[in-house]
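Summary of structural features
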Amino acid sequence: MSLWIIGNPEHRRVQLFQNALQQAGLPAAQVLSYQDLLSGRYELQDLISPKSCLRIESPGENFRVEQLLLAWGAAAAEAENAPFISRAAALSLSPDRGRILYPRQWYLGFCALLQQLHAQGSALDLRWMSTPPSIAELFDKPAAQAKIAAQGVAVPESLGLVRNFAELEQRMREHNCQRVFVKLAHGSSASGVVALHRGSQHFSATTSVELARSAGQTRLYNSLKIRCYQDLAEIKTLIDALCAEGVQVERWLPKARTTAGEFDLRVLVVAGKARLQVMRQGRSPMTNLHLGNQRGDLHALQQRMGAERWQILLNSAETAARAFPQAWHLGLDILLKPGLRQPYLLEANAFGDFLLDSERRRCLSYQFEIKDFFTKNFLKK
Amino acid sequence: MTIEYHLEHFAGKPVELFDIETGLSNVESVCYRLTEDYDGPGFDKVFQAFINDPKVSEVSSLVIGMWVSPENAYENGPEKVIAALVEASDKLPKLRALFLGDITYEENEISWIYQCDISPLFTAFPKLEMLRTRGSDNLSLGHLEHVNLHHLALESGGLDEKPIRQICQAVLPNLQHLELWLGSEYYGWNGNLDDLEPILHGDLFPKLRYLGLRDCEKADELAQRLIKSPIIEQLEVLDLSLGNLGDKGGAALLQLASHKRLRQLNLEYHYLSNEMMEKLAALPFEVNLDEQQEPDGDEPEDRYIAVSE
């Protein structure tokens, strides 16, 4: 019995996973690239024997794969009346670093692939780490948050379906809400996330999204810099553009802070158990580590909270994970308000397990994922 | 830096937490703080105990902390507190100093503190002399006319231009101390330095002796404007602390040497070089140069002001 990885072979995720297999005394996995799969070069049954074990890795950070996924989603996006780019145009795009490219269409393409994998996988009786349908679920934030809420876990109040800025304004008034988080429904890694504040006299939008206009077309880019938009026209353009791609809109809750800044927590749950926690801290509402943020002092936080409240936090992560029983591993983002009492589940990430050690040489998650999977499936050494 | 600690002193007295059990037992020597904590009684209950205390008419100064549970602090202004104070104003004949919003970052971040229209306070307490507030979001001073107010301070991470404008239109003949924490554009300072012109012009507050334009993101430019402004003539204390003041602003401030009335320049928390600090220290009055900061990089934007979040 061998392990296959569906992923981008050049990506550190795959390389570090192979290292982790080796460390566990297991043979290297075979890798089927997204590019080969999406271009139709291989079907699963060409390469993979029945009952094999499979790991689906993140398809991100490969431009060709992004193009192919957009191509796969073109027909569905057009049928939906979502912003869309034709298959031909998608395949002839030039790389444009950071550009937010048709996220809804991308999601539809990714779902189409996941459906195909699910069908082919069933025919082959494959053992998935995280199953294709579970991954698809996790890439739909509004639906995923609703599932988490249904588990009884506290989540920030959702403002429901919002299609444009005008609707957002109205919804904020109805909910008596001055501050909201607007996130792309199908994004990850803080892509397309805006913290919007309606002050008594005007709006301000804090985001890592860069708004660029060229040839009468509005383009959005993810940048590493956080900025604050104060011009209403720009804010409207930004919000309208995001809403057109589908957004999750929820009440922006204040985060607890230390003198080093505000923070939230990423909890890794593997096979239903909370295994790792990272405190992500910085000076802005976007706490993702790649945005100039740092790891906070987790030990100090645990001391401050005490064992009981810490356990409640871990329990909330595990309970939320039960909403996705077929996801082998989940990266759950948890917010604590000042006072460190009630934890709120912000988000569940299908590929939120890429948590590196301080030297960035090892991924700390993989050992848990492998060990529990090995135990479950008796992978032969 | 964020606001980590509660006030220890206010209006010349040490501040103590008001406890329903012990009441206003030390009202002569202590200033009490009324607040709602995570696990304690609600603010309404605390206030009721306070206002019904037999010694309440002795209260000369008061600090209001959290007016709602920290769990719900965001988006809840102090309207009820203002209303309660106004209604009980005849029980507080000696109230001269009030702090509205002694809130630390653990309770609610300064930029999240939600204020309200506090103008009823000015009408209900004509003998009030000192008012300090924290939090700028939704803050309004109304049409401000008050004979006895001599100390007004608005603390914030980003001051909305509305209260600034209201101050510029205010009638405060006895104002001696004006302190504004301008803050960061990022956190709500939507004004610009032009908004301060009426104050800098000097006609507004003839008795002003302390001017604090603190926590300013454009401290260099502000310093350059100030030295050319008539207001400097009448000041005894100029406070530009907590901001991002660098050598450009420092060089401008050296020109303050000729101002006879000035006895104190507060520049605590700054980005001045050692050389500039030496020059400023040689000025013929007291200069506070504590808390020299290191910028993250070479750009002006790499300097952070002290209080914003």
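Residues numbered from 1 in each chain as written. Chains lettered and ligands numbered in written order. Predicted model: local features only at pLDDT ≥ 70, side-chain atom pairs only at ≥ 80, totals over all residues. Heavy atoms only, no water.

Some remarks on the overall build of chain B
- Helices and strands together make up the secondary structure of chain B, namely eight helices and twelve strands.
- Over its C-alpha trace chain B gives a radius of gyration of 20 Å, about what one expects of a compact globule, namely 19 Å for 309 residues.
- Its C-alpha atoms give chain B principal-axis dimensions of roughly 55 × 40 × 35 Å.
- Within chain B, the proportion of its 309 residues that are buried is 58%.
- Put simply, of all contacts in chain B between residues at least 6 apart along the chain, 68% involve residues at least 24 apart.
- When the accessible area of chain B is evaluated, it comes to approximately 12700 Å², of which 46% is carbon and sulfur surface.
- Chain B carries 25 positive and 55 negative side-chain charges, and their two centres are separated by 9 Å. (Helix = DSSP H or I, 4+ residues; strand = E, 2+ residues; numbered from the N terminus. Rg over C-alpha atoms; globule rule 2.2 N^0.38 Å. Buried < 20%, exposed > 50% of the residue type's maximum accessible area, 1.4 Å probe, protein only. Contact = heavy atoms within 4.5 Å. Areas by Shrake-Rupley, 256 points an atom, 1.4 Å probe, with all protein chains shown as cover. Lys, Arg positive; Asp, Glu negative; His and termini not counted. Charge placed at Lys NZ, Arg CZ, Asp CG, Glu CD.)

Side note on the state of the cysteines
- This model, assessed by the stated rule, comprises zero disulfides over all chains.
- Cys177 of chain A carries a free sulfur, and the closest cysteine sulfur to it, the one in Cys243 of chain A, is 14 Å from it.
- Of the cysteine sulfurs around Cys116 of chain B, a residue in no disulfide, the closest is that of Cys177 of chain A, at 19 Å. (Disulfide = S-S within 2.5 Å.)

Side note on the pairing of strand E8 (residues 217–229) of chain A
All names here are of chain A.
- Both strand E7 (residues 203–214) and E8 contribute to a ladder of nine bridges, which runs antiparallel. Considered in E8, the bridge of Val209 is made with Asn222.
- In this antiparallel pair of consecutive strands, E7 and E8, the connection spans two residues, and Ala215 shows a positive phi of 50°. (Pairing = 2+ DSSP bridges.)

Concerning the pattern of salt bridges
Residues and elements named next belong to chain A.
- Here the structure, examined in full by the defined rule, presents 42 salt bridges over all chains.
- Asp96 is the salt-bridge partner of Arg219, the closest N and O atoms lying 3.2 Å from each other. Highlighted residues: Arg219 in strand E8 and Asp96 in the loop between helix H5 (87–91) and helix H6 (103–124), separated in sequence by 123 residues.
- Take Asp96: its relative accessible area is 29%, and that puts it in the partly exposed class. (Salt bridge = Lys/Arg side-chain N within 4 Å of Asp/Glu carboxyl O.)

Some thoughts on the environment of Arg257 of chain A
- The topology assignment puts Arg257 of chain A in strand E10 (residues 257–258).
- In sequence terms Arg257 of chain A and Arg173 of chain A are 84 residues apart; their C-alpha atoms lie 28 Å from each other.
- One polar contact links Arg257 of chain A to Glu109 of chain B, side chain to side chain, over a distance of 3.4 Å. (Polar contact = N/O pair within 3.5 Å; in protein donor to acceptor, adjacent residues only side chain to side chain.)

Describing the interface of chain B and chain A
- Listed as interface residues are 26 residues of chain B and, on the opposing side, 31 residues of chain A.
- Buried surface at the junction of chain B and chain A, summed over both partners, amounts to about 2600 Å²; 44% is from carbon and sulfur atoms.
- Between chain B and chain A we count three salt bridges in total.
- The interface formed by chain B and chain A contains eight residue pairs in polar contact (both at pLDDT 80 or more).
- Split into classes, the residues belonging to the side of chain B that touches chain A amount to eight nonpolar, four polar and 14 charged. (Buried area = accessible area lost by both parts, 1.4 Å probe. Nonpolar A, V, L, I, M, F, W, Y, C, P; charged D, E, K, R; others polar.)

A short note on the sheet that holds strand E9 (residues 247–251) of chain A
Residue and element names in this part refer to chain A.
- Taken in spatial order, the five strands line up as E8-E7-E6-E5-E9 in an open sheet, and their pairing is antiparallel. The open sheet has two free edges, formed respectively by E8 and E9, since each of these has just one partner strand. Between one strand axis and the next, the sheet turns by 35° as a mean value, whatever way the strands run.
- Here strand E5 (residues 179–184) runs beside strand E6 (residues 193–198); their pairing, made up of five bridges, is antiparallel. What sits directly across from Phe181, in E6, is Ala195.
- Taken strand by strand, helix H10 (residues 232–244) contacts E5, E6, E7, E8 and E9, and its axis lies near 80° from that of E7. (Axes fitted to C-alpha atoms, helices over the stretch in contact; angles between N-to-C directions.)

Some remarks on the packing of aromatic side chains
All names here are of chain A.
- Per the stated rule, a full pass over the model turns up 15 aromatic pairs over all chains.
- An angle of 55° between the planes, with centres 5.8 Å apart, marks the rings of Phe139 and Phe351 as tilted. Residue Phe139 is located in the loop between helix H7 (132–138) and helix H8 (141–150), and its partner Phe351 is located in the loop between strand E15 (343–349) and helix H12 (366–377); the two are separated by 212 residues in the primary sequence.
- What makes Phe351 buried here is its relative accessible area of 10%. (Phe/Tyr/Trp six-rings, centres within 6.5 Å; stacked < 30°, edge-to-face > 60°.)

Regarding the pairing of strand E6 (residues 130–134) of chain B
Residue and element names in this part refer to chain B.
- Taken across its five residues, E6 has five buried, putting it largely inside the fold.
- The two faces of E6 match: Met130, Arg132 and Arg134 on one face and Leu131 and Thr133 on the other face are all buried.
- Here strand E5 (residues 97–100) pairs with E6 via four bridges, running parallel. Considered in E6, the bridge of Phe99 is made with Arg132.
- For the crossover that starts at E5, traverses helix H3 (residues 119–124) and ends in the parallel E6, the hand is right-handed.
- Of the strand pairs in this sheet, E6 and strand E7 (residues 151–155) are connected by five bridges, and their pairing is parallel. (Right-handed = clockwise from strand over helix to strand, strands pointing away.)

Regarding the packing of helix H1 (residues 12–23) of chain A against H12 of chain A
All names here are of chain A.
- With their axes 9 Å apart at the nearest point, H1 and H12 run at an angle of 55° to one another. Comparing the axis directions of H1 and H12 gives the class oblique. The crossing of H1 and H12 is right-handed. Mapping the contact onto sequence places Arg13, Leu16, Phe17, Ala20 and Leu21 in H1 and Tyr366, Glu369 and Ile370 in H12. (Parallel < 35°, antiparallel > 145°, perpendicular 65-115°, else oblique. Left-handed = near helix turned anticlockwise from the far one by under 90°.)

Some remarks on the confidence of the model for chain A
- Per-residue pLDDT for chain A averages 93, and the proportion of residues at 70 or more is 98%.
- Mean pLDDT in chain A bottoms out at strand E13 (residues 294–295) of chain A, which sits at 82, and peaks at H7 of chain A, which reaches 98. (pLDDT = per-residue confidence, 0-100.)

Examining the sheet that holds strand E3 (residues 53–56) of chain A
Residues and elements named next belong to chain A.
- Strand order across the open sheet formed by four strands is E2-E1-E3-E4, with parallel pairing between neighbours. Single-partner strands in this sheet number two, and they are strand E2 (30–33) and strand E4 (127–128).
- For strand E1 (residues 3–7) and E3, the ladder comprises four bridges, and the chain directions are parallel. Across the sheet, residue Trp4 finds its bridge partner in E3, namely Leu54.
- In the packing of H1 onto the sheet, the strands contacted are E1, E2 and E3, and the crossing angle to E1 comes to about 165°.
- This element, H12, spans E1, E3 and E4 of the sheet and lies at about 155° to E3.

A word on helix H4 (residues 63–80) of chain A
Residue and element names in this part refer to chain A.
- With 18 residues, H4 ought to run about 26 Å at 1.5 Å a step, and its terminal C-alpha atoms sit 24 Å apart, in line with that.
- Of all the bends in H4, the largest measures some 50° and sits at Gly73.
- Among the residues making up H4, those that are buried are Val65, Gln67, Leu68, Leu69, Leu70, Ala71, Gly73, Ala74 and Ala77.
- On its buried side, H4 packs onto helix H2 (34–38), H5 and H6.
- Immediately downstream of H4, the backbone of Asn81 shows phi near 65°, a positive value. (Expected span 1.5 Å × (residues − 1). Bend = angle between axes of the 7 residues up to and from the residue.)

Digging into the packing of H4 of chain A against H6 of chain A
Residue and element names in this part refer to chain A.
- It is at 6 Å that the axes of H4 and H6 come closest, and there the two elements cross at 105°. What the angle tells us is that H4 and H6 run roughly perpendicular. Seen from H4, the contacting residues are Glu66, Leu69, Leu70, Trp72, Gly73, Ala74, Ala76, Ala77 and Glu80; seen from H6, they are Arg104, Gln105, Trp106, Leu108, Gly109, Phe110, Ala112, Leu113 and Gln116.
- Taken together, the residues of the contact of H4 with H6 break down into eleven nonpolar, four polar and three charged.

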